[in-house]
Amino acid sequence: MSLKLAGITKAFKKEIVLQDVSLDVETGKTLVLFGPSGAGKTVLLRLIAGVIEPDAGTIQIAGRDMEGVEPEDRDVGMAFQNFALFPHMSAEDNIASPLTAQRQSQSEIKSGIQALAKLLKIEHVLGHKPKELSNGQKQRTALARALAGKPGSLLLDDPLRNVDAKLRFEMRLELPRLLKDQNATVIYVTQDYKEAMAFGDQIAVIHEGQVQQIGTPEEIYLTPATTEIARLFGDPVINLMDVAPEARGRMVSVSVSDQPIMLDPGYAEMVGQECVLGVRPEAFRFVEPNSPSAIPVQVETEAPLNEKTVTLVLTAGGREVMVTRPSGTPGPNGGTAHITIDSAATLLFDRASGRLCVPKATIAGEAIA
Amino acid sequence: MQQKSTLEQILRGVALACVIFFFMFPIFWILLMSFQTNETILRVPPSMVFEPTLTNYRSLISGTLEGSTATLEIKFMGNLWNSLFLSVTSVTVGLILGVPAAYAFAKLKFRGSEDIAFTLLSFRFAPPLLVLLPLTIYFQQLGLADTYFGLIWVYQLIVLPLILWIVRGYFEDIPSDIEYAYRIAGHGFWTTFRKIALPLAGPGIAAAGLLAFIFAWNNFIFALVLASADKQPVTVGALAFITAAGINYGQIAAGIMLSIAPTFALALYAQRYLVEGLSLGAVKG
Amino acid sequence: MSNPILQLKKIDKFYGPINQGFQAVKDVTFDVAKGDIIALLGSSGCGKTSTLRMIAGFEEVSRGGISLAGREVHMLPPAKRKVAMAFEGYSLYPTVTVRNNIAFALKSSGKSSTAVGKSVEEIAVMLEISEILDRYPSSISGGQQQRASLARALIRDADLYLLDEPMGQLEPQLRTLLRGRIKHYIKERGLTAILVTHDQTEANALADKIAVMEGGELQQYASPEEIKDAPANLFTGTFVGEPPMNVFAAKVTTASDALIFTLQDESDLSFPQAAFGETLRSRILAMGQVMLGVRPYAVRRHASGVQARVVANQWLGDQSHIAAEFAGGALVLVEHDRADVAEGSDIAVHFDPADLHIFDPTTGAAVSHGAKIAS
């Protein structure tokens, strides 16, 4: 069931939470709403579910305008971040709630619950009350309840937030397939960029009540529209360095710690402008001191991070830079080291606006490899 | 720290005993009085040694009071029945009106809802006598004076604010997400109210009902002014024991024992709810 | 360890009467060397917070002893122990500014106000709270409060720094950078710190040694590398490591010069006998049944491998996480580049015998890591 939001605006008292938000999700696709807390993601889900009303704008589900349509008539399922299980009902009755609303027979309800419980591995706790469930079981029960009625649209509000790391990882691998099998249109809210990249056919980055960028995970990660978005995707965070591009023959270069970094000639119009160079930690490499354009750095600390090693280094100018490499690959021996930048993997932003600069198309073969 | 010392245990016991003695002594003394005649009650110095008698209870139940000069008819059992009827009906009406109102005040924030809720509560602040004077006149004109209907109506002044405020607190404590979840699952507003809001506020509703019952039972002034002998509750009925020939302490004591018995039993039975209710829903599971 | 600054000796913690109440900590013993950062790692209810609170002095030690810098401290009140603590719940004084919150302990220690001011400015720069120094705790975000609380603990002069979930609320973009800076700060000054965390990423990033706890017991106390390469038991093996270790039940047999692990779906993993030492071979053959563990990054795609069907391939920008159906269970592999495998396609996975961890299926204890027999 397709979902279309146009010009949604919502304010509580005087505070504007959402401003002119428009989104379009095709049937069976997953859209991830990604953004820091307080960005208005949860409010957006509630608007779609119909438990609150927008101040302006329209919501269409399956082509039907939802104005004045009660939540129970919208054919949506929702999983809440805090689970919102009914405390006085068993897990089974919780999951059954959409089915009883559809007036299914007892045997249909029973078999429906059994199938879901098996899929989500909560068969053994169906008789338990929510307070007797672990967080992981609560989360699965809440998910089962959202799925049980086979709704056309599924709204998932950061469902993995309150579960432990191990389960979160497992669910991150399992859940996309489960959702695909449901064949529902999914809106998934998260603050975890890894979840966003893993789940989303499309990601909408929301910040301060506005959609900042919509795109596939590739587009968002490789061409973030602003420095802010670049900082939100990637761990460790992208290194941002103030630079001023200069013309160097037909090339454009910037200087980092007195070492020239050659950029795409398509950046020619940025020459002389104040810019920010974005370099992801994995785009740095440790090299021998005599390598071309090696930047000398002081090694501060090293720490492992999910099969990578993160090194915090200081350039001669006192700039902090984070460098990662796959665990087990050789790195610096403390003290001083030298790094180079993979210039093809860099991003250039306009400093004043923070917006990404897109290089003008260059003749094939002329771009720097 | 795990093992309390013996001295500590003894001191705790003594302290507890003192508190219990302080609060329970009046009731205990009245219980003793209810089994005595006026002569033994008024002995100086008072003594705990006496020959117990059931005459006080007997005369209350039979309805005849043997005075020194004459025999007085009292309708104590009728009063007891009036108390029960008035309290139960008032609370029932109060719950039927108050619970949905409390829900509206808690969950459906509308313009002026806070003001209206406070106005309702403020009825509790008004001195009852001040209200009573004009009320008596209206009631007489409307023909409501000395009717059960009129009394129950007036009792709403006591019962309704109490129920409203306690139950509202409980409804406010129910996370909206839980109700939203039930709505989104496909249930309408009223089903959600019935299946989610009511059961979850159940302890609060029970506590409010119990407290309202006790407050209604203990009411004196409304019934004193607005009800004649055959509609009077025990609180007013007990006045009959203060006769021209003297005060019948024994019967008063027995009357008190009989009249507090239902509320006392209720309080003991539902202690937990009452405490929760009085802390206005602050207790969360 | 020549000269430990902190020693925990056979610590028990009961809530309620000894031997009858709930036992939160069971016979925990470990030493902390001066200048080390130790992480107490475990899920909620594993006893890590109780242990930390006993060291700080907020909980009584039911049995056993704690000595800090040569003093027996377990009977001392918290204020006399010379420990600094950053609390999980921030616990900033609400009535004074962030600056005064941080400076509080320093001022009472009698330092000159200019020296105090300078230290506060320095630590504020490190934790990126310079701009909010003059605000009140209620007007700053949870992440900022946590950084202020960290600053207040780290600025003090103490024998031991206790950090309870120090970064749980931190903004994700700052986390890795601040971890780096805090580690540098602690190391540069030679401070000794214990942090309690449920987040293994944090433990791995900061700690010299990790004490893994579960069910009130210390499961392993070792460096992050050692825990990764040689987990003491199945619990540690699967708890530490993101993504978690893949584990399969296997039956062990021999055939000519190969050692064969038969998995649950009857598929075989066959390795040359020479890859395992003589003693190890006879030991696992005698066991018959083993649990086989392999870390996700050690699983390689290789033509000579065993068939597996891809169920998910998630590219996270700098890594690809691939989940595959394998031997009746799920197998996870991590690649550092973008993996070009479609969901539903078949891949061949290869395990190097050097990357295999073998566990006893009944006790969960590690038997071997690669060819190395677990001690």
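What counts and how
- Residues numbered from 1 in each chain as written.
- Chains lettered and ligands numbered in written order.
- Predicted model: local features only at pLDDT ≥ 70, side-chain atom pairs only at ≥ 80, totals over all residues.
- Heavy atoms only, no water.
- Helix = DSSP H or I, 4+ residues; strand = E, 2+ residues; numbered from the N terminus.
- Buried < 20%, exposed > 50% of the residue type's maximum accessible area, 1.4 Å probe, protein only.
- Contact = heavy atoms within 4.5 Å.
- Areas by Shrake-Rupley, 256 points an atom, 1.4 Å probe, with all protein chains shown as cover.
- Buried area = accessible area lost by both parts, 1.4 Å probe.
- Salt bridge = Lys/Arg side-chain N within 4 Å of Asp/Glu carboxyl O.
- Expected span 1.5 Å × (residues − 1).
- Domains from an automatic or database assignment.
- Polar contact = N/O pair within 3.5 Å; in protein donor to acceptor, adjacent residues only side chain to side chain.
- Nonpolar A, V, L, I, M, F, W, Y, C, P; charged D, E, K, R; others polar.
- Pairing = 2+ DSSP bridges.
- Axes fitted to C-alpha atoms, helices over the stretch in contact; angles between N-to-C directions.
- Core = buried A, V, L, I, M, F, W, Y, C linked by side-chain atoms within 4.5 Å.
- Patch = residues over 30% accessible without salt bridge, like charges linked within 9 Å, V, L, I, M, F, W, Y side chains within 5 Å.

Chemist: So what's going on with the overall build of chain C? Residues and values would help.
Modeler: Helix and strand counts for chain C come out as nine helices and 21 strands. With the principal axes as the frame, chain C shows a C-alpha extent of 80 × 50 × 35 Å. The buried share of chain C, taken over its 375 residues, is 57%. For chain C, the proportion of contacts with a sequence separation of at least 24, taken over those separated by at least 6, is 64%. Accessible surface, chain C: about 15,500 Å² in total, of which carbon and sulfur atoms supply 50%.

Chemist: Outline the interface of chain B and chain A, listing residues and values.
Modeler: Listed by partner, the interface residues are 16 residues for chain B and 23 residues for chain A. Taken together, the two surfaces of chain B and chain A that pack against each other cover about 1,600 Å², and 68% of this comes from carbon and sulfur. Across the chain B-chain A interface, the total number found is three salt bridges. In this structure, A:Glu70 engages B:Arg183 in a salt bridge whose closest nitrogen and oxygen atoms are separated by 2.5 Å.

Chemist: Go over helix 5 (residues 172-189) of chain C with me, naming the residues and quoting the values.
Modeler: Residues that lie three or four places apart on an α-helix share one face, since the helix turns once every 3.6 residues. All names here are of chain C. Taking 1.5 Å per residue, 18 residues should reach 26 Å; helix 5 reaches 26 Å between its end C-alpha atoms and fits that length. Along helix 5, 13 of the 18 residues are buried, which leaves the element largely enclosed by surrounding structure. Once helix 5 finishes, glycine 190 follows within two positions and takes phi at roughly 65°, a positive value.

Chemist: I'd love a proper account of the domain arrangement of chain B, names of residues and values included.
Modeler: Residues and elements named next belong to chain B. The assigned domain composition of chain B is domain 1 (6-73) and domain 2 (76-276). For domain 1 versus domain 2, the distance between C-alpha centres works out to 30 Å. Taken together, the contact pairs 17 residues of domain 1 with 17 residues of domain 2. Counting across the domain 1 and domain 2 interface gives zero salt bridges.

Chemist: Residues and numbers for the interface of chain A and chain C, please.
Modeler: How big an interface is tends to be expressed through the accessible area that disappears when the partners come together. With 36 residues of chain A in contact, the opposing surface of chain C contributes 31 residues. A combined buried area of about 3,200 Å² lies between chain A and chain C, and 59% of that area is made up of carbon and sulfur atoms. Area buried by chain A at its contact with chain C is led by A:Phe169, A:Leu173 and A:Glu307, which between them contribute 20% of it. Our count for the contact surface shared by chain A and chain C stands at four salt bridges. As a salt-bridge pair, C:Arg181 and A:Glu320 come within 2.4 Å of each other at their nearest N and O atoms. Summed over the shared surface of chain A and chain C, the result is eleven residue pairs in polar contact (both at pLDDT 80 or more). Secondary-structure elements contributing two or more residues to the side of chain A that touches chain C are helix 5 (165-182), helix 6 (193-199), helix 7 (217-222), helix 8 (227-232), strand 17 (295-305), strand 18 (308-315) and strand 19 (320-326) of chain A. Here the residues of the side of chain A that touches chain C sort into 20 nonpolar, three polar and 13 charged.

Chemist: If you had to explain the sheet that holds strand 8 (residues 193-197) of chain C to someone new, which residues and values would you point to?
Modeler: Residue and element names in this part refer to chain C. An order of 6-7-8-3-9-10 is seen for the six strands of this open sheet, with the pairing classed as mixed. Of all strands in the sheet, those with a lone pairing partner are strand 6 (83-86) and strand 10 (217-222), marking the two edges. Pairwise comparison of adjacent strand axes, ignoring direction, gives a mean angle of 15° for this sheet. As defined by bridge partners, strand 3 (residues 37-41) adjoins strand 9 (residues 209-214) across four bridges and the pair is classed as parallel. Across the sheet, leucine 40 pairs through a bridge with alanine 211, a residue of strand 9. Sheet strands touched by helix 4 (residues 142-154): strand 6 and strand 7 (160-164). Its angle to strand 6, the strand with the most contacts, is close to 175°.

Chemist: Provide a residue-level description of the domain arrangement of chain C, including the pertinent values.
Modeler: Residues and elements named next belong to chain C. Assigned domains within chain C: domain 1 (4-230) and domain 2 (246-373). Every contact between the two is made by four residues of domain 1 and, on the other side, four residues of domain 2. Note on domain 1 versus domain 2: buried area summed over both sides is about 330 Å², and carbon and sulfur give 50% of it. Its largest share of buried area at the contact with domain 2, domain 1 owes to Lys228, Asp229 and Ala230, together 94% of the area lost on that side. Where domain 1 packs against domain 2, one counts zero salt bridges.

Chemist: Tell me about the nonpolar core, and name the residues and values.
Modeler: B:Phe76, B:Val99, B:Tyr155, B:Ile163, B:Val167 and B:Phe171 are the most contacted members of the largest nonpolar core, which has 54 residues in total. Looking at this core element by element, the count peaks at 13 residues for helix 7 (residues 148-173) of chain B. Discounting chain neighbours no more than four positions away, the residues touching B:Phe76 are B:Leu60, B:Val234, B:Phe241, B:Gly255 and B:Leu258. Among the nonpolar cores identified, the runner-up in size contains 51 residues, and A:Ala91, A:Leu99, A:Leu133 and A:Val186 belong to it.

Chemist: Tell me about a nonpolar patch on the surface, residues and numbers included.
Modeler: Residue and element names in this part refer to chain B. On the surface, a nonpolar cluster with roughly 920 Å² of combined accessible area is contributed by Leu16, Val19, Ile20, Phe22, Phe23, Met24, Ile27, Phe264 and Leu268. Contributing elements (two or more residues each) for the nonpolar patch: helix 1 (6-34) and helix 13 (249-269). In terms of residue count, helix 1 provides more of the nonpolar patch than any other element does, seven residues in total. Residue placement: isoleucine 20 occurs in helix 1.

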